[in-house]
Amino acid sequence: MIDVADAVALGADRTHVRKPLPPDRLDALSRDILALKKRLNAVILAHNYQVPEIQDVADYVGDSLGLAQQAARTSAEVIVFCGVHFMAETAKILNPNKVVILPDLDAGCSLEESCPADKLAALQATNPRFHTVAYINCSAAVKALSDVICTSGNAVKIVQAAPRDRDLLFVPDENLGSWVMEQTGRPMTLWKGNCYVHVEWTHAAISRIRRDHPDAPLVAHPECTKAVRMLADEVCSTEKMVAWCKASKSDAIIIATEAGMLHRLKKECPGKTFIGAPTENCRCNECRFMKLNTLEKLHDCMENLAPRVELNPTLIARARLPIERMLEISAKPLDVAG
Ligand code: 13P
Ligand code: SF4
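Read on for an overview of the structure. All of these numbers come straight from a predicted model, not from anything done at the bench. (Residues numbered from 1 in each chain as written. Chains lettered and ligands numbered in written order. Predicted model: local features only at pLDDT ≥ 70, side-chain atom pairs only at ≥ 80, totals over all residues. Heavy atoms only, no water.)

### Some thoughts on the overall build of the chain
Counting secondary structure elements, the chain contains 16 helices and 12 strands. The C-alpha atoms of the chain give 19 Å as radius of gyration, which agrees with the globular expectation for 338 residues (20 Å, within 12%). Once the C-alpha set of the chain is aligned to its principal axes, its extents read approximately 60 × 55 × 40 Å. For the chain, the residues scored as buried account for 58% of the 338 residues in total. Sequence separation of at least 24 residues holds for 67% of the intrachain contacts in the chain that already meet a minimum separation of 6. Total accessible area on the chain stands at roughly 14300 Å², and carbon and sulfur atoms take up 53% of it. (Helix = DSSP H or I, 4+ residues; strand = E, 2+ residues; numbered from the N terminus. Rg over C-alpha atoms; globule rule 2.2 N^0.38 Å. Buried < 20%, exposed > 50% of the residue type's maximum accessible area, 1.4 Å probe, protein only. Contact = heavy atoms within 4.5 Å. Areas by Shrake-Rupley, 256 points an atom, 1.4 Å probe, with all protein chains shown as cover.)

Listed below in structure tokens is the structure:
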């Protein structure tokens, strides 16, 4: 689990901050990437936290759920995944026979790191009645130990659909888990992991920005702490943020999630102003893992068809089941009887 001091240290590490590309270089790289995409019969899938220039050349930009759904249905031969490693791994698990590449193999996640598979297996061994719901931000090995996967976009639905006669174990994000418990009323044992970016928003910092913009609603990601979530007008996944902001009558909206989201929101809601919520201790609202991917690295990975995500077939077969279960439950209409 990342504690506050570690989170501040990670956030204060600005080594990922890049210089903007000169416009002619940006144009040339973007043109080359589009040509490579055609030549390779590739699809570029990008998470909402990717740098603007990557979002702008992607075929699809979205949240973890949308990206998994796109990966499940693509007919492209090559999947170029612009996000973090566990997301590209999910795409590989759904497409074992396709080439899956990502710009930087080191793009990890503090949540994934917080939950090693051997420690999870040891906890599971303490209670045979556990039904393990794993947030998609985890390794393939953790997915393979889980009953069902969820994302922030469908976690409430997935937990509502979980068997009533089992004890629920939710890994690895304790903040998302506690929000899901509030929404569903279902008790769960929570793994003590967190996103080092989202725990940087504090009640005090958010209260100050709300006082500065009294008419602006606040939208927060469920990976934020409860102290922040309780100040929010809406708590939702990054994709649902787009829909909420489009439907909102407000001209200005405060956003408590990773800074890459602001580019997507500005594109989708051109008339509105988006205010990135400030963090308390440092400028930590950029995920250093997501920001390892750059347009240059995207270009190079397509040219070299590397680095690739490679996984052992036995692991793929085991990790695929809980992902498919998630996709199935997500596609079903809500059972109002619960
Ligand atoms: P979503 O985009 O699925 O809401 O997830 C946020 C996140 O932190 C992914 O790493
Ligand atoms: Fe992981 Fe947080 Fe970065 Fe998302 S924003 S990839 S949860 S560290």
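### Comments concerning the packing of helix α2 (residues 23-40) against helix α15 (residues 295-304)
Look at α2 against α15: their axes get within 10 Å of each other, and the N-to-C directions meet at 30 degrees. Comparing their axes, α15 and α2 come out roughly parallel. With respect to the hand of their crossing, α2 and α15 are arranged in left-handed fashion. Contacts from Arg25, Leu26, Leu29, Ser30, Asp32, Ile33, Leu36, Lys37 and Leu40 of α2 reach α15 at Leu295, Glu296, Leu298, His299, Met302 and Glu303. Of the residues contributing to the contact of α2 with α15, the split by class is eight nonpolar, two polar and five charged. (Axes fitted to C-alpha atoms, helices over the stretch in contact; angles between N-to-C directions. Parallel < 35°, antiparallel > 145°, perpendicular 65-115°, else oblique. Left-handed = near helix turned anticlockwise from the far one by under 90°. Nonpolar A, V, L, I, M, F, W, Y, C, P; charged D, E, K, R; others polar.)

### Observations concerning the site of ligand 2
Taken together, Tyr49, Val84, Cys109, Ser110, Leu111, Asn137, Cys195, Tyr196, Glu223, Cys287, Phe289 and Met290 form the complete shell of residues around ligand 2. Taken together, the residues of the shell around ligand 2 break down into nine nonpolar, two polar and one charged. (Near = heavy atom within 4 Å.)

### Side note on the site of ligand 1
Neighbouring residues of ligand 1: 13 residues in total, closest His47, Ser64, Ser152, His221 and Thr238. At 2.6 Å from an oxygen atom of ligand 1 is found a side-chain nitrogen or oxygen belonging to His47. Within the side chain of Ser152, an N or O atom sits 2.7 Å from an oxygen atom of ligand 1. In isolation ligand 1 offers 300 Å² of accessible surface; the protein chains occlude 96% of this area. (Polar contact = N/O pair within 3.5 Å; in protein donor to acceptor, adjacent residues only side chain to side chain.)

### Remarks on the environment of Asn41
Among the secondary structure elements, Asn41 is positioned in the loop between α2 and β1 (42-47). As a C-alpha pair, Asn41 and Glu77 span 36 residues in sequence and 5.7 Å in three-dimensional space. Every residue in contact with Asn41, bar those within four places of it in the chain, is listed here: Ser75, Ala76, Glu77 and Val78.

### Let's talk about the sheet that holds strand β6 (residues 148-150)
If you walk across this open sheet you meet the four strands as β6-β5-β7-β8, and the pairing is parallel. Among the strands making up the open sheet, the edge pair consists of β6 and β8 (188-190). The sheet shows a mean angle of 30 degrees between the axes of neighbouring strands, taken without regard to direction. Looking at chain direction, strand β5 (residues 130-135) and β6 are connected through three bridges and run parallel. Counterpart to Ala134 in the pairing with β6 is Ile149. Across the sheet, helix α10 (residues 174-184) is in contact with β5, β7 (167-171) and β8; its angle to β8 comes to roughly 165 degrees. (Pairing = 2+ DSSP bridges.)

### Overview of the sheet that holds strand β4 (residues 99-101)
The strand order β2-β1-β3-β4 describes an open sheet built from four strands, whose pairing is parallel. Strands at the two margins of the open sheet, each flanked by one partner only, are β2 (60-62) and β4. Ignoring which end each strand starts from, the neighbouring axes of this sheet average 20 degrees apart. Of the strand pairs in this sheet, strand β3 (residues 78-82) and β4 are connected by three bridges, and their pairing is parallel. Paired with Val78 across the bridge in β4 is Val99. Its contacts with the sheet put helix α4 (residues 64-73) on β1, β2 and β3, and the angle it makes with β1 is roughly 165 degrees.

### Considerations on helix α11 (residues 203-212)
When we look at burial in α11, the residues that qualify are Ala205, Ile206, Ser207 and Ile209. The elements touched by buried residues of α11 are β9 (218-220), α12 (226-229), β11 (252-256) and β12 (273-276).

### Side note on unusual backbone geometry
Omega for the peptide link from Val171 to Pro172 comes to -15 degrees, which places this bond in the cis form. Within the fold, Pro172 resides in the loop between β7 and α10. The omega torsion across Ala306 and Pro307 is 0 degrees, close enough to zero to call that bond cis. As for its position among the elements, Pro307 is in the loop between α15 and α16 (313-331).

Treat this as a map of the structure, not an account of what it does.
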